[in-house]
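# Coordinate analysis (summary)
So the chains spell out like this:
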Amino acid sequence: MSWKSALFLVVLCAAAAAVSVSATSPSLEEGVAVLDPSNFDGFIASETFTLVEFYAPWCGHCKSLAPKWAEAAQILEKDDPPIRIAKLDADAHSELAGRFDVQGYPTIKVFRSGSVEEYNGPRETQGIVDFVRSNLPAHTTLADKKEYDAFVKEAGKKVIGVFRVPAKGAVSTAFANAARTLKKEATFGLWADGKYDAKAKAYAKHNIESIVKGAKAPMILVVDNKGVFSKCSLSGDKLAAITKCVTDGEGLTKLA
């Protein structure tokens, strides 16, 4: 083979590779991954957890959701690591949308490690962001005292969110967001203080008070390098309060 022929093959292979990458890597539109039949399966396979909006360009509700979806995408792509959400023009790619029983617009599907389910969460910017982040937590869940003891013994500052399960409300949402934004400041762990028993109509205790006197749900505890436990004041904006507790020690009260 002559050097000219060899060079031609190298250029041809490089061009083919470029086409392959462009065909399987979705473009971004205001932070949202734009999907089509050439990149859909590859994108879903590459994401542990994501949301996909199936829309039609002429749909009024889709037009209303679009700016909120884009704002959420732009917030999530700045997370560490970045989180990506996507959209598919289901009117143009009806056969692909049909694989997921899309019958109206907009339809949002949750794709989680190969499984798919209907999204019934919020449709405003922050609600979408909170839903995604809650399904990709940046904190460790402490299942029992053994895991709790190991967590507390780790070097550095620790933050323990004490909640009943399922954890809901402003404090648990702020804790989840703080775990993501303050990951360089401290290590975050969640202690499930009790799981709801529907039959008994009560919470089954998994009580942290037997380990840390004065601790109860809901509460945010900060443990310093010396193992001193302090309770974080949660007045006002919950995320701002937790941030001040962790970064400046403002709003902390030592537990007895």
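Preceding this paragraph is the structure being described.
## Considerations on the side chain of Asp-89
Structurally, Asp-89 is set in strand β4 (residues 86-89). Notably, Asp-89 is buried but unbridged: the nearest opposite-charge side chain belongs to Lys-87, and the N-O separation is 8.9 Å. At a separation of 3.0 Å, a polar atom in the side chain of Asp-89 contacts the main-chain amide nitrogen of Ala-92. The residues touching Asp-89, leaving out its near neighbours within four places in the chain, are Tyr-55, Ala-56 and Pro-57.

## Some details on helix α8 (residues 238-247)
Where α8 is concerned, the buried positions are Ala-241, Ile-242, Cys-245 and Val-246. Each buried residue of α8 lies within a common arc of 125 degrees when the element is viewed along its axis, so the set occupies one face. Where α8 starts, the residue carrying a side-chain oxygen 3.2 Å from the main-chain nitrogen of Leu-239 turns out to be Asp-237. Following α8 by one or two positions, Gly-249 has its phi on the positive side, about 75 degrees.

## A closer look at the packing of helix α7 (residues 170-181) against α8
Between α7 and α8, the shortest axis-to-axis distance is 8 Å and the interhelical angle comes to 50 degrees. In this view, α7 runs oblique relative to α8, as classed from their interaxial angle. Of the two possible hands of crossing, α7 and α8 adopt the one that is right-handed. Counting all contacts with α7, which are made through Ala-170, Val-171, Ala-174, Phe-175, Asn-177 and Ala-178, the residues of α8 involved are Lys-238, Leu-239 and Ile-242. In terms of residue class, the contact of α7 with α8 is built from seven nonpolar, one polar and one charged.

What counts and what doesn't
Residues numbered from 1 in each chain as written. Predicted model: local features only at pLDDT ≥ 70, side-chain atom pairs only at ≥ 80, totals over all residues. Heavy atoms only, no water. Helix = DSSP H or I, 4+ residues; strand = E, 2+ residues; numbered from the N terminus. Buried < 20%, exposed > 50% of the residue type's maximum accessible area, 1.4 Å probe, protein only. Lys, Arg positive; Asp, Glu negative; His and termini not counted. Salt bridge = Lys/Arg side-chain N within 4 Å of Asp/Glu carboxyl O. Polar contact = N/O pair within 3.5 Å; in protein donor to acceptor, adjacent residues only side chain to side chain. Contact = heavy atoms within 4.5 Å. Arc of directions from axis to C-beta. Axes fitted to C-alpha atoms, helices over the stretch in contact; angles between N-to-C directions. Parallel < 35°, antiparallel > 145°, perpendicular 65-115°, else oblique. Left-handed = near helix turned anticlockwise from the far one by under 90°. Nonpolar A, V, L, I, M, F, W, Y, C, P; charged D, E, K, R; others polar.

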